[in-house]
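# Tertiary structure, described
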Amino acid sequence: MDEILVFIFITIGLPLIICTVFRWRKWCVWLYKSSCLLLDMFFVALIYGFSTVYISFEGMLNTELHPWERVQGCLIFAIIVSVFFYIGSQIAFLITRSKYYNRRQRGRILIIEGALYLLICGAGCLLCYSDIVSRYKGFAENEVVYKIKTYQEITGHLPQSLSEIGIDDSVSVDNYKYRDRYFIYTNHADQFTLESDKCDIDSVLRYKVTYKSRNEAWTGPDVN
């Protein structure tokens, strides 16, 4: 926390002091605006960094299913922070008024600044989304869910058993094995439930995670 406060002071406090000492000359305007932009980049990166850590506690299975939903909240916070710094950066124009730039020139600068702040939010969001997609992928549980949904989209109805979607390695009548996971599949009308566990099939099966199409999410103690 102390390091962050020192960084904030160096980034915005020191430029403000310099600009005040030199009575807001033309180069001071750009020094201050650059400081606001740099500080915005820092906080946006901080938001996405913390969000990546928080997302890891949300459950890897559900994160792979809905990656964009995990990023939306971060994007909103990043936009709020960027709007705050964008407005704050206009203090330079309020102090100098039309001393260096006329109304039309200030308008152009405002548009360019706004585009830069939006670019920072968008780039951070894209990087966070790419990180989630690359990190949380390839789970056997979700592959089975995708297969079931694809089958439903093509045929208009749910499969009666997992063998209809190419999972023929049935351990028993109701139990199916796909990769290193065991599944029990049940369906009713247009809804289905999928239970999964990685226990040895010879032992008493205790299903750790359950997917319900109604909620479109995995639940259970081992969702992570």
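Structure report, in brief. In this text the structure is predicted, and so the values were computed from the model without any measurement.

Calculation notes
Residues numbered from 1 in each chain as written. Predicted model: local features only at pLDDT ≥ 70, side-chain atom pairs only at ≥ 80, totals over all residues. Heavy atoms only, no water. Helix = DSSP H or I, 4+ residues; strand = E, 2+ residues; numbered from the N terminus. Buried < 20%, exposed > 50% of the residue type's maximum accessible area, 1.4 Å probe, protein only. Contact = heavy atoms within 4.5 Å. Areas by Shrake-Rupley, 256 points an atom, 1.4 Å probe, with all protein chains shown as cover. Core = buried A, V, L, I, M, F, W, Y, C linked by side-chain atoms within 4.5 Å. Expected span 1.5 Å × (residues − 1). Patch = residues over 30% accessible without salt bridge, like charges linked within 9 Å, V, L, I, M, F, W, Y side chains within 5 Å. Salt bridge = Lys/Arg side-chain N within 4 Å of Asp/Glu carboxyl O. Phe/Tyr/Trp six-rings, centres within 6.5 Å; stacked < 30°, edge-to-face > 60°. Lys NZ or Arg CZ within 6 Å of the ring centre and 35° of its normal. Polar contact = N/O pair within 3.5 Å; in protein donor to acceptor, adjacent residues only side chain to side chain. Pairing = 2+ DSSP bridges.

This brings us to the overall build of the protein. Scanning the protein from terminus to terminus reveals seven helices and five strands. Seen in sequence order, the protein has helices and strands lined up from the N terminus as α-α-α-α-α-α-α-β-β-β-β-β. Across the 224 residues of the protein, 39% fall into the buried class. Long-range pairs, those at least 24 residues apart, make up 58% of the contacts in the protein between residues at least 6 apart in sequence. Carbon and sulfur atoms form 62% of the exposed surface of the protein, whose accessible area is close to 13500 Å².

Next up on the list: the nonpolar core. In terms of nonpolar packing, the biggest core is built from 49 residues, with Tyr-48, Val-144, Ile-148, Leu-162, Leu-194 and Trp-218 touching the most fellow members. The element best represented in this core is helix α2 (residues 26–56), accounting for eight residues. If sequence neighbours within four positions are ignored, Leu-162 has contacts with Val-144, Ile-148, Ile-167, Tyr-176, Phe-183, Tyr-185 and Leu-194.

Let us look at helix α4 (residues 67–88). Its 22 residues give α4 an end-to-end C-alpha distance of 32 Å, which sits within 8% of 32 Å, the value for a rise of 1.5 Å per residue. By the burial criterion, the buried members of α4 are Pro-67, Arg-70, Val-71, Cys-74, Leu-75, Ala-78, Val-81, Ser-82, Phe-85 and Gly-88.

Here the focus is a nonpolar patch on the surface. Residues Val-6, Phe-9, Ile-10, Leu-14, Ile-17, Val-21, Phe-22 and Trp-27 make up a contiguous nonpolar surface patch of about 760 Å² in total accessible area. Looking at the nonpolar patch, the element that brings in the most residues is helix α1 (residues 2–21), giving six residues. Mapped onto the secondary structure, Leu-14 falls in helix α1.

Bringing the packing of aromatic side chains into the picture now. One pass over the full model with this rule turns up twelve aromatic pairs. Where Trp-24 meets Tyr-32, the ring centres are 5.6 Å apart and the plane angle is 70 degrees; that geometry is what we call edge-to-face. Connected via pairs of aromatic rings, a cluster forms that spans Phe-42, Phe-43, Phe-84 and Phe-85. A cation over a ring is seen here: Lys-33 above Phe-93, with NZ or CZ 4.2 Å from the ring centre.

In this structure, Lys-33 sits in helix α2. A distance of 2.8 Å separates polar atoms of two side chains, one belonging to Lys-33 and the other to Glu-113. Not counting residues up to four positions away in its chain, the partners in contact with Lys-33 are Ser-89, Gln-90, Phe-93, Glu-113 and Tyr-117.

Attention now moves to the pattern of salt bridges. All chains considered together, the criterion is met by four salt bridges. For Lys-33, the salt bridge goes to Glu-113, with nearest N and O atoms at 2.8 Å. Here Lys-33 is found in helix α2, whereas its partner Glu-113 is found in helix α6 (residues 103–135), with 80 residues between them in sequence. The exposure class assigned to Lys-33 is buried, which follows from its relative accessible area of 4%. Each member of the salt-bridge network shares a partner with another, and the members are Glu-141, Asp-180 and Arg-181.

What follows concerns the pairing of strand β3 (residues 191–197). Bridge count for strand β2 (residues 181–188) against β3 is seven bridges, and the pairing is antiparallel. Paired with Thr-186 across the strands is Thr-193, a residue of β3. Between β2 and β3, which follow one another and run antiparallel, lie two residues, and Ala-189 among them has a positive phi close to 55 degrees. Looking at chain direction, β3 and strand β4 (residues 209–212) are connected through four bridges and run antiparallel.

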